[in-house]
Structures are given as structure tokens and as C-alpha cells.
Amino acid sequence: MFSKRRTGPSSSATSRSRTGLAAVMAAHVAGATTIVAVDVDVGRLGLARDLGATHLVDPGRVEDLTGALRAVDERGLEYVLDTSGRAENLDAGVGALAPMGRFGFVAFHEGAGAVLDAGRLTLGQSLQGIIQGDAVSSLLINDLAQLYRAGRFPIDRLLSFYDFADINTAFEDAGSGRVTKAVLRFTSPG
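The notes below deal with the structure included here. Not measured: the values here are computed from a predicted model.

Some words on the overall build of the protein chain
Next, step 1: Looking only at helices and strands, the protein chain has six helices and eight strands in total.
Next, step 2: Moving toward the C terminus, one meets the helices and strands of the protein chain in the order β-α-β-α-β-α-β-α-β-β-α-β-α-β.
Next, step 3: For 190 residues, the compact-globule estimate of 2.2 N^0.38 gives 16 Å, and the C-alpha radius of gyration of the protein chain, at 17 Å, lies within 12% of that figure.
Next, step 4: Dimensions of the protein chain, computed from the C-alpha atoms along their principal axes, are close to 65 × 35 × 30 Å.
Next, step 5: Out of the 190 residues belonging to the protein chain, those deemed buried represent 39%.
Next, step 6: Taking as baseline every contact in the protein chain between residues at least 6 positions apart, the subset at least 24 positions apart corresponds to 50%.
Next, step 7: Here the protein chain contributes 19 positive and 21 negative side-chain charges, whose respective centroids are spaced 5 Å apart.

A short note on helix H3 (residues 65–72)
The α-helix advances 3.6 residues per turn, and as a result positions three or four apart in sequence lie on the same side.
Next, step 1: Restricting attention to buried positions, one finds in H3 the residues Leu65, Thr66, Ala68 and Leu69. Buried residues of H3, seen end-on, are gathered within an arc of 165 degrees and therefore sit on one face of the element.
Next, step 2: Of the surrounding elements, those touching the buried residues of H3 are strand S2 (36–38), strand S3 (55–57), strand S4 (77–82) and helix H4 (87–95).
Next, step 3: The opening residue of H3 is aspartate 64, an N-cap whose side-chain oxygen sits 3.3 Å from the backbone nitrogen of threonine 66.

A short note on the pairing of S4
Next, step 1: Among the six residues that make up S4, five are buried, leaving the element largely enclosed by the rest of the structure.
Next, step 2: Taken together, the five bridges between S4 and strand S5 (residues 97–105) define a ladder with parallel strand orientation. Following the sheet pairing, valine 80 is matched in S5 by phenylalanine 103.
Next, step 3: The parallel pair S4 and S5, bridged by H4, forms a crossover whose chirality is right-handed.

Points about the pairing of S5
Next, step 1: As judged from the four bridges shared by S5 and strand S6 (residues 126–129), these two strands associate in the parallel manner. Bridged to phenylalanine 103 within S6 is leucine 127.

A look at the layout of surface pockets
Next, step 1: Of the volumes computed, that of the largest pocket is approximately 960 Å³.
Next, step 2: In terms of lining, the largest pocket is formed by 28 residues, of which the most central are Ala26, Leu81, Gly133, Asp134 and Leu140.
Next, step 3: For the lining of the largest pocket, the elements supplying multiple residues, two or more each, are helix H1 (18–29), S4, S5 and helix H5 (137–149).
Next, step 4: Among the elements that line the lining of the largest pocket, the one with the most residues is H5, at six residues.
Next, step 5: Per-class residue counts for the lining of the largest pocket are 19 nonpolar, six polar and three charged.

Focus: the nonpolar core
Next, step 1: Formed by 17 residues in total, the largest nonpolar core has its most connected members in Val38, Val57, Leu65, Leu69, Leu90, Val94 and Phe103.
Next, step 2: The set of elements that each furnish at least two residues to this core consists of S2, H3, S4, H4 and S5.
Next, step 3: Contact partners of phenylalanine 103, with chain neighbours within four places excluded, come to Val80, Asp82, Asn89, Leu90, Gly93, Val94, Leu97, Phe108, Ser126, Leu127 and Gln128.
Next, step 4: Of all hydrophobic cores here, the second largest spans 16 residues; its members include Leu21, Leu47, Ala53 and Leu147.

Quick notes on the side chain of aspartate 39
Next, step 1: Here aspartate 39 lies in the loop between S2 and helix H2 (42–50).
Next, step 2: Relative accessible area serves as the criterion here: at 0%, aspartate 39 is assigned to the buried category.
Next, step 3: Polar side-chain contacts of aspartate 39 include one of 2.9 Å to the side chain of arginine 44.

As for unusual backbone geometry
Next, step 1: The phi torsion at methionine 100 lies on the positive side, around 70 degrees, for a residue other than glycine.
Next, step 2: Here methionine 100 is to be found in strand S5.

Rules behind the numbers
- Residues numbered from 1 in each chain as written.
- Predicted model: local features only at pLDDT ≥ 70, side-chain atom pairs only at ≥ 80, totals over all residues.
- Heavy atoms only, no water.
- Helix = DSSP H or I, 4+ residues; strand = E, 2+ residues; numbered from the N terminus.
- Rg over C-alpha atoms; globule rule 2.2 N^0.38 Å.
- Buried < 20%, exposed > 50% of the residue type's maximum accessible area, 1.4 Å probe, protein only.
- Contact = heavy atoms within 4.5 Å.
- Lys, Arg positive; Asp, Glu negative; His and termini not counted.
- Charge placed at Lys NZ, Arg CZ, Asp CG, Glu CD.
- Arc of directions from axis to C-beta.
- Polar contact = N/O pair within 3.5 Å; in protein donor to acceptor, adjacent residues only side chain to side chain.
- Pairing = 2+ DSSP bridges.
- Right-handed = clockwise from strand over helix to strand, strands pointing away.
- 1 Å grid on protein atoms, 1.4 Å probe; cavity = no way out; pocket = protein on both sides within 12 Å on 5 of 7 lines; lining within 4 Å.
- Points joined across faces, edges and corners; volume = space filled by probe spheres on them.
- Nonpolar A, V, L, I, M, F, W, Y, C, P; charged D, E, K, R; others polar.
- Core = buried A, V, L, I, M, F, W, Y, C linked by side-chain atoms within 4.5 Å.

Any functional reading would require information that these geometric values do not contain.
The structure is reproduced here in C-alpha cells:
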């Protein structure tokens, strides 16, 4: 979940999926002063802290995820970004929104079971589906490359490299969550 207060940078991001860690980095680069990472994997939570998260929440260790998020800022979160596509995160994220807050989602799909009573958005909150970062790719990639070169967007911290011959291991490791991003290397013969 990702939140940024209008009156001063504040943020929250879920890193339950691999995209969430990139959201944590983006919030950090954008100058957010409060970044909340939500994940059930202690390793990814540690990495999220290393990448700029200021608060960590393991939903498996809290009884009320909405309450845990609101504990960071009782007014609520200005922005929430869900990268997991889990139906319960829609409910928790909307419940954690501040008045006029925005909930962005990148992963909900048909059959996810994510349903929301529109009456819960009566304080001007909004939902927005996001595809490819809602950015112009040619500009975003250039900006990210410059941030990486400047040491401000350490995307390499998310990568694990595999020789092409180990493609099955790469798929297994990525699917199980043992690695964040599996990258296959191709070597030329001879």
C-alpha cells in the first residue's frame, strides 16, 4: 500500500508482490517521509526497510490490517497502492484511506473476489486501476536509468541471475517467493 500526505510526504506501500518493493523505492525517491510496507514475508519486509520503508506491517501478525495502517496516521493514508491483488487488501486499503485519499491497484484480476461497497467511498476517496506505472514508458525508463546510475533506485537489489540452463530453478524460485525477480542470462556459444 502506498500513501503520500498532501501536507507533507508520507507513504505506505505493500510489498506483498514483487512490484511493491519497486513502489517502496519510488516512494523513497519521491521524497516520502513515511513509507509503510505490508508483507507476510519477513525477508521482503527487511528488504523493504533497506529500500526506504519506515514502517513494516506483517498482516499475519496483526488482527486488523486497517487498524495497523491507521496506527501510522490516524487521519488515514492519502495514497494506497496495492500490488498483491488480494481481495482482503482492497477492503483494508480503502478502510485506511484519508478523506480524499486514492487507492491504486495493479494486480486485481477477474475472479480475485475483490468487491467493494461504493458507499465506503463517501469522503471523496477514489479507486484507480494502474497499468505499466501509469507512465510514458520511454520517459519513465530513462528516468529510472538515471536514478539507478545515481544510486537512488537500487533495482539490482531485487534481481537474482540464472543461467538459461537453470530456467526451471528460476521459475521455481520466483514462484515460491525465494527470489524477487529472476533474470535469465543467455550466453553465446563459443
